Amino acid sequence: MSKLTLKTEGDKHVIVTRHFAAPPEAVYRAHTDPKVIQKWLLGPEGWTMPVCINEAKPGGKIRYEWTNGKGGGFYLTGEYLELEPYSRIVHVERMHLPDPTPDNHVETRFDADGTGTLMTMRMTLPDAQTRAAMLATGMERGMEASYVRLEGMI
Amino acid sequence: MVTVNLDAAFSALADPTRRAILARLAKGEATVMELTKPFEVTQPAISQHLKVLEDAGLIARRVDGAKRPRRLAKAGIEAMDQWLAMLRKALVKNYDRLDEVLAGMEQPKIKRGENR
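Since the model is a prediction, treat every value here as computed from it, not as a measurement.

Parameters and conventions
- Residues numbered from 1 in each chain as written.
- Chains lettered and ligands numbered in written order.
- Predicted model: local features only at pLDDT ≥ 70, side-chain atom pairs only at ≥ 80, totals over all residues.
- Heavy atoms only, no water.
- Salt bridge = Lys/Arg side-chain N within 4 Å of Asp/Glu carboxyl O.
- Buried < 20%, exposed > 50% of the residue type's maximum accessible area, 1.4 Å probe, protein only.
- Core = buried A, V, L, I, M, F, W, Y, C linked by side-chain atoms within 4.5 Å.
- Helix = DSSP H or I, 4+ residues; strand = E, 2+ residues; numbered from the N terminus.
- Pairing = 2+ DSSP bridges.
- Axes fitted to C-alpha atoms, helices over the stretch in contact; angles between N-to-C directions.
- Contact = heavy atoms within 4.5 Å.

Before going further, it helps to spend a moment on the pattern of salt bridges. Pairing between side chains of opposite charge can happen when their charged atoms approach one another. All names here are of chain A. The final tally for this structure, using the stated rule, is 17 salt bridges over all chains. Ionic pairing is found between Asp103 and Arg94, a salt bridge with its closest N-O pair at 2.5 Å. With relative accessibility at 36%, the residue Asp103 sits in the partly exposed group.

Now the structure itself:
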C-alpha cells in the first residue's frame, strides 16, 4: 500500500502527498512538536536527530541536526512564515552541507480525508536549476542521509 | 559505453527544451533535423542542447550514413530512475515511521456524526 506521491510541477515546484490514518490535529502536531518530530523525521535506519528546535509561531526558528553516529551528519535551518492550526504551515528551509542550499519555500496542508488526513506539501525552489540540484544532491531532510549512505556504498 | 553523471543529468533536465527533446526521443530515435523542427530555435542551438544531454549520459547517437540519429541512453535514464526511487524510499520510510507515531499518540476525540 504505497500512499506517497512525489512529483514535479512546472519548473520550480515539487509536490509530495501522503495520506495518514489520523486526524489533521495529530498530523499537524507531529510536524510541529519537537519531541514527536525526533521520532520520525530521520531518513534511513541508523540516523538520529539529537538537536530539534521547532518554534511553531510566525517568525519562529527551525533547526534539525542529524547524525549517523559514525561521524556523518548535516543540519537544516528554517523559519516559519505562517501557521494555521491544524490545517496549514508555511515555512522556508535550507540544508547545510555545510554550505547552505538555496531556500526551499514549503507550504504544507493538512486536509481532513475521511477519518484521516491528506497531507500536501508544495515545495517551491528559486528556479529550475536549483530544483534540479536539489533532486540531484538528495532531496530534503532524511533524503540527504540516503545520499551520504550511497556515497559510502560507491 | 555511457557514463552517467547524476549532477549533470539533473541539471540537463533543468531546461524545458531539453526536457522536450527527451520526451520526443522517448517515442523513438530522431535526427537533429527532426528534433529541430518542433522548436522555435536554430539547429546549432538544438545541437548544443543535444551535447549537454549526451555529456550527461542521457542520450546516445549512432552513425547512419551522413546522419547521426539520437536515442535515449537506457543506462542514464535508469540511473536517474534508481536515484529518484531511492529518494522516494527515504521519504516513504519517514512517513511509515510517522504512521506508527500517530498510532501511538492520544487521539483527540472525534464527535459522532461529524461529517469530516
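This part takes up the nonpolar core. Of all hydrophobic cores here, the largest spans 39 residues; its most connected members are A:Tyr64, B:Tyr95 and B:Leu102. If you tally residues by element for this core, the top one is helix H5 (residues 74-104) of chain B, at five residues. Of all hydrophobic cores here, the second largest spans 22 residues; its members include A:Ala132, B:Ala12, B:Ile21 and B:Leu50.

So, about the sheet that holds strand E8 (residues 116-124) of chain A. The strand order across the open sheet formed by eight strands is E1-E2-E8-E7-E6-E5-E4-E3 (chain A), and the pairing between neighbours is antiparallel. A single partner strand is all that each edge strand has here, and the edge strands are strand E1 (5-9) and strand E3 (48-54) of chain A. On average, adjacent strands in this sheet sit at an angle of 20° to one another, irrespective of strand direction. Packing against the sheet, helix H1 (residues 24-32) of chain A makes contact with strand E2 (13-20), E3, strand E4 (61-67), strand E5 (73-84), strand E6 (88-96), strand E7 (104-113) and E8 of chain A, and its axis sits at approximately 155° to E7(A). Packed onto the sheet, H5(B) meets E1, E2 and E8 of chain A and runs at close to 35° relative to E2(A).

The values reported here are purely geometric and, on their own, carry no functional implication.
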